[in-house]
Amino acid sequence: MAAQAGWESTRPPLAGSGPRTDPDRNPARVLSAIALASMAAGAINLAAAATVGRDSSTQTLAFFVVVALAQLAWGAVALVRAPRWWLALGAAGNLVVVATWAVSRTVGLPVGEYAGVMLPVGFPDALAAALEAVVVVGATALLVRGRGPARSPARSPGVTVAAAVVVGALALAGVLSQAGAIGSSSTGSGQGTGGGQTGPYAPGGGGTPGGGSSGGGYPGGGY
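Residues numbered from 1 in each chain as written. Predicted model: local features only at pLDDT ≥ 70, side-chain atom pairs only at ≥ 80, totals over all residues. Heavy atoms only, no water.

A few words on the nonpolar core. Grouped together as the largest cluster of nonpolar side chains are 24 residues, with contacts concentrated most on Leu31, Ile34, Trp74, Ala78, Ala82, Leu87 and Leu131. At the level of secondary structure, the elements contributing two or more residues to this core comprise helix H2 (25–52), helix H3 (58–78), helix H4 (84–106), helix H5 (123–145) and helix H7 (157–179). If one sorts the elements of this core by residue count, H2 sits on top with eight residues. Among all residues touching Leu31, those that are not within four sequence positions of it are Ala78, Ala82, Leu87, Leu142, Gly148, Pro149 and Ser152. (Core = buried A, V, L, I, M, F, W, Y, C linked by side-chain atoms within 4.5 Å. Buried < 20%, exposed > 50% of the residue type's maximum accessible area, 1.4 Å probe, protein only. Helix = DSSP H or I, 4+ residues; strand = E, 2+ residues; numbered from the N terminus. Contact = heavy atoms within 4.5 Å.)

What follows is the structure, encoded as structure tokens:
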């Protein structure tokens, strides 16, 4: 009996009898991060709609509003559930937005209010584009894996809180910069009175081309 008890005490534990690691923990961390990044980009774009929309065409204003609401909605839903089609939608939609921003900043868009105009890069627009790129990469990685885990904040609370703090701070900085509360130039070239930072896709906040704003002086703006 003693020998049997000794053997049982040294017997290795059965597989699965120890603490189990959640296989979805790392994907949940990624999903939480990109969902919050999408919502941050949406907040910056919403601020752009509120600031540059006054001086832009209806088309530009509608673009900002649609993109902002889509990014906010996608991030909120992804925090609860992210099936393959939802990940694909987020990756494709943000890729289109990033590509449009890149073209508008390098060669100029072929159509629209600023067709052929190479718009300058500002802090809010670069930040929004970076957040959107994060969403594209993360959503694509999860899409290759198969799907995003449900209720990602509950599976990775620590990473979710940390990501919320970092992304929230970036979003706040982008919104304030877009609104001209931080980082705006105090003097212009003498033309126009509208200051303002460059918007996510639209420089300037008033004034005539060539004067008055840190974004290059174009009123309103847009892709």
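Now that the structure has been shown, we can carry on.
Before going further, it helps to spend a moment on the side chain of Thr160. Tracing the backbone shows Thr160 in helix H7. You can call Thr160 buried: its relative accessible area is 12%. Each residue touching Thr160, except ones within four places of it in the same chain, is listed here: Ser32, Leu36, Ser152 and Pro153.

A surface patch of nonpolar side chains, about 290 Å² in accessible area, is lined by Leu46, Leu61, Val65 and Leu69. Residue contributions to the nonpolar patch peak at three residues, all from H3. On the secondary structure map, Val65 appears in helix H3. Among the residues examined, Val65 registers a relative accessible area of 30% and is labelled partly exposed. (Patch = residues over 30% accessible without salt bridge, like charges linked within 9 Å, V, L, I, M, F, W, Y side chains within 5 Å. Areas by Shrake-Rupley, 256 points an atom, 1.4 Å probe, with all protein chains shown as cover. Salt bridge = Lys/Arg side-chain N within 4 Å of Asp/Glu carboxyl O.)

A few words now on the packing of aromatic side chains. By the definition in use, this model includes three aromatic pairs. Plain terms: the ring middles of Phe63 and Phe64 are 6.2 Å apart, the flat faces sit at 70° to each other, and that makes the pair edge-to-face. With relative accessibility at 1%, the residue Phe64 sits in the buried group. The rings of Trp74, Trp85 and Trp86 are connected pair by pair, giving a single aromatic cluster. (Phe/Tyr/Trp six-rings, centres within 6.5 Å; stacked < 30°, edge-to-face > 60°.)

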